[in-house]
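Listed here are the chains, written in short residue letters.
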Amino acid sequence: MSKIHVYFMPGLAASSSIFERINLPKDIFEIHLLEWFQPENSETLTIYAMQMAKKVVHDNAVLLGVSFGGILVQEMAQFLNLRKLIIVSSVKSNAELPNRLKFAKITKAYKFLPTSLLQDGEKLVKFAFGDAIKQRVKLYEKYLNLRNKEYLDWAIEQVICWDRVIIDPSVIHIHGDLDEVFPAKNINTFINVKNGTHLMILNRFRWFNQNLPKIILGEAL
């Protein structure tokens, strides 16, 4: 039996090293890691997704994205024939965004974010992962590798101005009930990871190693 190819897309500014503790049975699954690349000036999320989709070279693959990567993989899906589409610590439509981001869109406040300051690793970690991990900044700083202002300006705008209204029913959504970036109270149907935070792909890796194979194969948790 041929292996199931599973592609992983990290979150905003993050490298694929966030998946370094994710292990799937090698006799069934083959893991492929995607990385962010620098977008062209004023490139739309759809065009970026089309370019990223070209890196998925296997038909009927599984595509999993974390946080902003979860938004991206939903846009990539229109260019691919997927076995499963999974998002982690993310949102399925702009209605699931927290009020502070909806307000930023209305006021265009995001255009005035001092993203040049976020090139400092500590500030970027706090922005990407929330206040809850500020005592562990050094641990997580290594996972954020794309820090230039042009990328950050583009990525933040894509999240805040994401225009998806209708939820794709095929999306499998894994979310933590303690997510501080995308609070669970705003999220429609999802697989709940008890006490899971926004960065649970890092600190709850055992849950994923145990349950991802079942989710991909359609088995009961």
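Residues numbered from 1 in each chain as written. Predicted model: local features only at pLDDT ≥ 70, side-chain atom pairs only at ≥ 80, totals over all residues. Heavy atoms only, no water.

In terms of helices and strands, the protein chain carries eight helices and six strands. Secondary structure elements of the protein chain, listed N to C terminal, follow the sequence β-β-α-β-α-β-α-α-α-α-β-β-α-α. When each of the 221 residues of the protein chain is scored for burial, the buried share is 52%. The contacts of the protein chain with a sequence gap of at least 6 include a subset with a gap of at least 24, amounting to 64%. For the protein chain, the exposed surface amounts to about 10,800 Å²; the carbon and sulfur share of it is 53%. (Helix = DSSP H or I, 4+ residues; strand = E, 2+ residues; numbered from the N terminus. Buried < 20%, exposed > 50% of the residue type's maximum accessible area, 1.4 Å probe, protein only. Contact = heavy atoms within 4.5 Å. Areas by Shrake-Rupley, 256 points an atom, 1.4 Å probe, with all protein chains shown as cover.)

Within the fold, Glu75 resides in helix H2 (residues 68–76). Since its relative accessible area comes to 8%, Glu75 is described here as buried. Setting aside residues no more than four positions away along its own chain, Glu75 makes contact with Leu45, Thr46, Ala49, Trp162 and Arg164.

This next bit is on the nonpolar core. Counting 69 residues, the largest nonpolar core has Phe68, Met76, Ile86, Tyr151 and Ile174 as the members making the most contacts within it. Each residue touching Ile174, except ones within four places of it in the same chain, is listed here: Ile86, Ile87, Val88, Ser89, Ile191, Val193, Met200, Trp207, Phe208, Leu212 and Ile215. (Core = buried A, V, L, I, M, F, W, Y, C linked by side-chain atoms within 4.5 Å.)

Turning to helix H8 (residues 205–217), a few remarks are in order. For H8, built from 13 residues, the straight-helix expectation of 18 Å at 1.5 Å per residue is met to within 8% by its first-to-last C-alpha distance of 18 Å. The sharpest bend along H8 measures roughly 40° and falls at Asn211, with the proline Pro213 sitting one to four residues further on. Of all the residues in H8, the buried ones are Phe205, Trp207, Phe208, Asn209, Asn211, Leu212, Pro213, Ile215 and Ile216. Looking at the residues trailing H8, positive phi occurs at Gly218, about 75°. (Expected span 1.5 Å × (residues − 1). Bend = angle between axes of the 7 residues up to and from the residue.)

Structurally, Gly11 is set in the loop between strand S1 (4–9) and strand S2 (29–33). A sequence separation of 56 residues divides Gly11 from Ser67, and the C-alpha atoms of the two residues are 5.0 Å apart. With residues up to four places along the chain from it excluded, the contact list for Gly11 reads Ile18, Trp36, Val66, Ser67, Phe68 and Gly69.

Moving on, we come to the side chain of Ser90. Its location among the elements puts Ser90 in the loop between strand S4 (82–88) and helix H3 (99–107). Excluding its chain neighbours within four sequence positions, the residues that come into contact with Ser90 are Ser67, Gly70, Ile71, His173, His175, Phe182 and Ile187.

Moving on, we come to helix H6 (residues 149–160). End to end, H6 covers 17 Å across 12 residues, agreeing with the expected 16 Å (1.5 Å per residue, within 8%). What H6 keeps buried is the set Tyr151, Leu152, Trp154, Ala155, Ile156, Gln158, Val159 and Ile160. Two or three places before Glu150, at the opening of H6, Asn148 has a side-chain oxygen 3.2 Å from that residue's backbone nitrogen. (Polar contact = N/O pair within 3.5 Å; in protein donor to acceptor, adjacent residues only side chain to side chain.)

All right, on to the environment of Ala104 then. Along the chain, Ala104 turns up in helix H3. Relative accessible area serves as the criterion here: at 9%, Ala104 is assigned to the buried category. Taking C-alpha positions, Ala104 is 9.1 Å from Cys161, a pair spaced 57 residues apart along the chain.

Keep in mind that most residues, glycine aside, have a negative phi and that most peptide bonds are trans. Even without being a glycine, Ser42 presents a positive backbone phi close to 60°. If you trace the backbone, Ser42 turns up in the loop between S2 and helix H1 (45–53). Of note, the phi angle at Asn60 is positive, near 60°, even though the residue is not glycine. The residue Asn60 is located in the loop between H1 and strand S3 (61–66) in this model.

Here we come to the pairing of S1. Across a regular strand the side chains alternate sides, sitting on one face of the sheet and then on the other. Counting buried residues along S1, six of its six residues qualify, which places the element largely inside the surrounding structure. Across the two faces of S1 the burial is the same, with Ile4, Val6 and Phe8 and His5, Tyr7 and Met9 all buried. As defined by bridge partners, S1 adjoins S2 across five bridges and the pair is classed as parallel. Counterpart to Ile4 in the pairing with S2 is Phe29. As defined by bridge partners, S1 adjoins S3 across four bridges and the pair is classed as parallel. Paired with Met9 across the two strands is Gly65, which belongs to S3. (Pairing = 2+ DSSP bridges.)

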